[in-house]
Amino acid sequence: ARLRALRAWARALAPLTGALRDLDVALASLRGLAPDAASLAHARGRLLAARRRARDAMFAHLRRADVVATLRAAMSAAPRLREPRGRARRVARRTVARGLGRLARALDGDLQHPEGYHLIRRRARRVRDVVEVTEGALRKRDRAWRERLKAVQSQLGDLHDIDVLTGLLPGDDGALDGLRGAVGRHRASLVAGLGAPLALLAVELREARR
């Protein structure tokens, strides 16, 4: 029951923290671009104002009595976790294999749109998270995927950050035209740099599933 309550707690909080994180990502991404000074300053002002609103909304939620009580109840639970044996090992290995299959299918998807790259990123992260959580139940070759996916996940993360920034720039604000141009050029270079790593990963996944 405590875990179910905690899951609901996290789902309610996630949109608020996600909005704040997206704005933090967008502000950080501005430092890697070189648009005209006026466009950059205008964008920073708009993003900072939106961040203040998102921060206030998150804190207002976290101060609610029921939200605090749910978190305290979850923190007081101390389950004992033992070394996985028997069926737990099979489940862990199958979960990794299933995650790799989903990642392979994402690599065969449509990469003409941002969603295709972000699906690969999410599925690569899922595999790495599963390996980290179930490491004690996995074979060495399964554990190796955590490091193997690290670099490409980082590259995909950089692309996602730029797409987050793009989504937060209003298309009807002419003062942002200079920044939008710089963002577009930077995104093109990131996509070009992903071609070879993703192709190699697709080959490795096919070989691993034989």
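Scroll up to find the structure.
Residues numbered from 1 in each chain as written. Predicted model: local features only at pLDDT ≥ 70, side-chain atom pairs only at ≥ 80, totals over all residues. Heavy atoms only, no water.

### Focus on helix α6 (residues 140-148)
Next up, step 1: Taken residue by residue, α6 has Asp 142, Trp 145 and Arg 146 as its buried positions. Across the axial projection of α6, the buried residues extend over an arc of 105°, all falling on one side. Pointing more than 90 degrees away from the buried face of α6 are the exposed residues Lys 140, Arg 141 and Glu 147.
Next up, step 2: Residues of α6 that are buried sit in contact with α4 (87-107), α5 (114-133), α7 (150-167) and α8 (177-208). (Buried < 20%, exposed > 50% of the residue type's maximum accessible area, 1.4 Å probe, protein only. Helix = DSSP H or I, 4+ residues; strand = E, 2+ residues; numbered from the N terminus. Arc of directions from axis to C-beta. Contact = heavy atoms within 4.5 Å.)

### Remarks on the packing of helix α1 (residues 2-30) against α7
If you want to describe how two helices pack, look at the angle between their axes and the distance between the axes.
Next up, step 1: Axis separation between α1 and α7 bottoms out at 8 Å; the angle between their running directions is 100°. The angle between α1 and α7 places the two elements in the roughly perpendicular class. Contacts between α1 and α7 pair Arg 21, Asp 22, Val 25, Ala 26, Ser 29 and Leu 30 from the former with Asp 161, Ile 162, Val 164 and Leu 165 from the latter.
Next up, step 2: Across the contact of α1 with α7, the residue classes break down as six nonpolar, one polar and three charged. (Axes fitted to C-alpha atoms, helices over the stretch in contact; angles between N-to-C directions. Parallel < 35°, antiparallel > 145°, perpendicular 65-115°, else oblique. Nonpolar A, V, L, I, M, F, W, Y, C, P; charged D, E, K, R; others polar.)

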